[in-house]
Amino acid sequence: MPLMVWLLVGLLSSTLLLWQQDRSRDAVAGRFDNGVGTLGDFMSGVAAEALARERLQAQASLADPVVTARDFQRAVTGFGYPAALLLDGRGRVLNVVPEDPGSIGQELASRYDHLRAALEGRPAVSGVVDSATRGIPVVAFAVPFETAGGRRVFSGALPIRASPLASYFTSALSLDGARVQLEDAAGAIVAATRPFTTTQPTLGNQEPALAAALARDAGGRYESGGTWWRYSSVPVAGTPWRLSATVREDVLYASLHNTEVAGRVALGGAALVGLAVVLAMGRARASRRDLLLSERRFRKVFDGSRIGMVLTDLTGRCLRVNPAAGQIFGRGEEELIGRSVEDFAHPDDMGLTTGRMRDCLNGRLDGFDLEKRYVRADGEVVEASITSAVLRDEDDRPLYFATQIIDTSEQNALERERDRNQAELARRAEELQDANTHLADVMAMLSHDVRQPLAKIVGLGELLLEEWDTMPEHAKTHDVRRMTVAGHRANDLVTDILMLAQFDAGAMPARPVRMDLAHAVREAVTAHHVSAGTPISVIAPDETTGLADPGQLQLILGNLLTNASKYGRPPIEVTVSNAGELVTIRVADHGEGVPPEFVPHLFDRFARAGSGVATTTAGTGLGLYLVRQLALAGGLDVAYEPNHPHGAVFTLTVPRTSPGSRVRDSEHQLTG
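Owing to the predicted nature of the structure, the values given are computational and were not obtained by experimental measurement.

Reading guide: rules and limits
Residues numbered from 1 in each chain as written. Predicted model: local features only at pLDDT ≥ 70, side-chain atom pairs only at ≥ 80, totals over all residues. Heavy atoms only, no water. Core = buried A, V, L, I, M, F, W, Y, C linked by side-chain atoms within 4.5 Å. Buried < 20%, exposed > 50% of the residue type's maximum accessible area, 1.4 Å probe, protein only. Helix = DSSP H or I, 4+ residues; strand = E, 2+ residues; numbered from the N terminus. Pairing = 2+ DSSP bridges. Axes fitted to C-alpha atoms, helices over the stretch in contact; angles between N-to-C directions. Contact = heavy atoms within 4.5 Å. Parallel < 35°, antiparallel > 145°, perpendicular 65-115°, else oblique. Left-handed = near helix turned anticlockwise from the far one by under 90°. Phe/Tyr/Trp six-rings, centres within 6.5 Å; stacked < 30°, edge-to-face > 60°. Lys NZ or Arg CZ within 6 Å of the ring centre and 35° of its normal. pLDDT = per-residue confidence, 0-100.

**So, the nonpolar core**
Here comes step 1: L62 and F154 are the most contacted members of the largest nonpolar core, which has 51 residues in total.
Here comes step 2: Sort the elements by how many residues they give to this core and helix α1 (residues 2-61) lands first, with ten residues.

This is how it looks when you write it as structure tokens:
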């Protein structure tokens, strides 16, 4: 009976021990699988973060209409890529690093799936492809971004040899001899913990036994070289990659070795059963410590991220925040936990996330991106770019919101400053263009309109010198008069040019005085008749008082009378009349008038009509422009209207002085 009890106890103890050992192995294997899954999620996050950061930086530095090779090289250096491409909306190469002039303008999108996806508006990660510029195996991260000229695609590439992706594996899966590798859909290795033995590494030529096992199942065990290995694999979400890891079972189960030995010893006697149980429990505690250590590593990744990360409940209340998020909000973790992120939003941005969160909870969205402002504890406004995703359980029920927050205040400030500088540069360029246009107009006038009368004077002078003794007196008088007319023409042109220069320099201020406008009009008509000989009739009261600069008024009237004589036909009439607080001076002719299409440009600088009498009459296009400028400078107004039945009427409006004002002698003002 004792033997039976002992045997029963021994059998029960052995059975219990073997069951416990199997469970322990399953637990360790499960933790290994979970670790591989966590690493796969982490790599997915790394890829997503790289694409998001790349897109933001590309939008900030590569959206100008023209991106020079130097600017592109600087931007690529900032990204940290040894090679990169910038494509236009049709998939053609705009810039490339390393520089390859022969590839500029080539259409590359059709050759690479990730570039086609980016052109369609989806950020994409490639499998292993040959670099378009260096011909070596690389993996590429391609992001689309919108510019004023349309969509562009930036694609940065990392060589698979010495890939920085492999550095994440060792820190995340710390088992001696563990082999971790990323492979694409074609089996080409993207990154691995072991050095490559070929220039085109694949899982088949680097780990043939593992490749054969993965072909059968995503996880399990296989034998290679007399050693059993444990393996597990997961797809990396958002990429065409698969993460696989394998470790020798003696290393994986090393923590269980002593427990198993103790269990075997327990099979020899019931006395060792208790010890075996204690050892098994001890090893179980060690396994739990390993799990806790793995969880701490994950927390270190969360807390050590330079991007603000917040885990909230379904109402937006903070459950967990990392230090970077605390810096963005300007508050400590204890101030943030339990409060809604919306509490810190700028008043103008309140409620921006409410509708999107509701759509996520209803299953219409998995996440969202937007720009939003927050107010720090010290009152400073922070501009941020946020990316939020809903986390669900195995039954697809929403649990939490995971949100990443990037402080874009400095970047946005730089962009606004750049926009202001570009606007100022455009304004200055427009001013320079206007100045160059005016200079060209003046030079054209000098080269033609001024040269013509001077050439006439020189030609007639030389003719007179050569034929003076043989020419009759009336011919001499005629040529001298022609020279005099040409001289007056040249003098008028020089006067207009000097006056134009004075206006541009702001050196023609008006000095209005009270004066007799009727007398000033008669003086101007008399002077014009003497110089041009054109009869002009004046209708004006004996004395009409107004406020004007006498000298500038004479220039205005002279230009209007000259314009009527050159482009109109008699009779030419000047009418002075009182109109309340204003005096109007009306200069009318009976010529063909101003072409309707030219009326809006009548007072423009260097403007001349393209039809009618203006095409057969010499002129500079400055007369009416100077009239308008002189009128504006003296507080007067000048306007045009058609005469009836035909002709042109220019009306000069002069303000009147008060009834009791003393009228100054206009002649004294002109001579003084």
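**Description of the sheet that holds strand β16 (residues 398-407)**
For sheets, the rule is that strands pair by backbone hydrogen bonds, running either parallel or antiparallel.
Here comes step 1: Strand order in this open sheet of five strands is β13-β12-β16-β15-β14, and the pairing throughout is antiparallel. Of all the strands in the sheet, the pair left with one neighbour each is β13 (318-321) and β14 (367-375). Going from strand to strand, the sheet's axes swing by 30° on average, the running direction of each strand aside.
Here comes step 2: Bridge count between strand β12 (residues 308-312) and β13: three bridges; the pairing is antiparallel. Residue pairing for β13: L311 is matched across the bridge by R320.
Here comes step 3: Contacting β14, β15 (381-392) and β16, helix α12 (residues 354-361) runs over the sheet at an angle of about 150° to β14.

**So, the packing of helix α16 (residues 550-567) against helix α17 (residues 623-633)**
Here comes step 1: α17 packs onto α16 with a crossing angle of 150° between their chain directions and a minimal axis gap of 9 Å. Relative to α17, the element α16 lies roughly antiparallel. Remark: the crossing between α16 and α17 carries left-handed chirality. Of the residues in α17, those touching α16 at Q552, L555, I556, N559, L560 and N563 are G623, L624, V627, L630, A631 and A633.

**Section: the sheet that holds strand β23 (residues 648-655)**
Here comes step 1: The strand order across the open sheet formed by five strands is β18-β20-β21-β23-β22, and the pairing between neighbours is mixed. Strands with a single pairing partner mark the edges of an open sheet, and in this sheet they are β18 (536-539) and β22 (637-642). On average, adjacent strands in this sheet sit at an angle of 20° to one another, irrespective of strand direction.
Here comes step 2: As paired elements, β22 and β23 share six bridges and run antiparallel to each other. Across the sheet, the residue bridging to D637 is T653, located in β23.
Here comes step 3: Against the sheet, α16 makes contact with β18, β20 (572-579), β21 (582-588) and β23, and its axis sits at roughly 170° relative to β23, the strand it touches most.
Here comes step 4: Packing against the sheet, α17 makes contact with β22 and β23, and its axis sits at approximately 135° to β22.

**Notes on the packing of aromatic side chains**
Here comes step 1: Tallied over the entire structure, the rule returns twelve aromatic pairs.
Here comes step 2: Arranged with centres 4.5 Å apart and planes meeting at 55°, the rings of F79 and F154 form a pair that is tilted. Here the residue F79 occupies a position in helix α2 (residues 69-79), and F154 occupies one in strand β6 (residues 150-159), the gap between them amounting to 75 residues.
Here comes step 3: Here F154 falls in the buried class, since its relative accessible area comes to 0%.
Here comes step 4: When the centroid spacing of 6.3 Å and the interplanar angle of 90° are considered together, the rings of F603 and F650 count as edge-to-face. Here F650 lies in strand β23 and F603 lies in the loop between β21 and α17, a separation of 47 residues in the sequence.
Here comes step 5: Judged by relative accessible area, F650 falls into the buried class, the value being 3%.
Here comes step 6: An aromatic cluster is present here, built from F72, F79, Y81, F141, F154 and W241 joined pairwise through their rings.
Here comes step 7: The ring of W228 carries the charged tip of R221 above its face, separated from the ring centre by 4.1 Å.
Here comes step 8: Lying across the ring of F603, R628 places its NZ or CZ 4.2 Å from the centre.

**Looking at the side chain of T312**
Here comes step 1: Mapped onto the elements, T312 comes out in strand β12.
Here comes step 2: Relative accessible area serves as the criterion here: at 4%, T312 is assigned to the buried category.
Here comes step 3: Aside from chain neighbours lying at most four places away, what touches T312 is R317, C318, L319, V341, Y400 and F401.

**Focus: the confidence of the model for the chain**
Here comes step 1: Residues at a pLDDT of 70 or more form 85% of the chain, whose mean pLDDT is 83.
Here comes step 2: This model gives residues 658-672 a pLDDT under 50, and the stretch forms 21 contacts once residues within four places in sequence are excluded.

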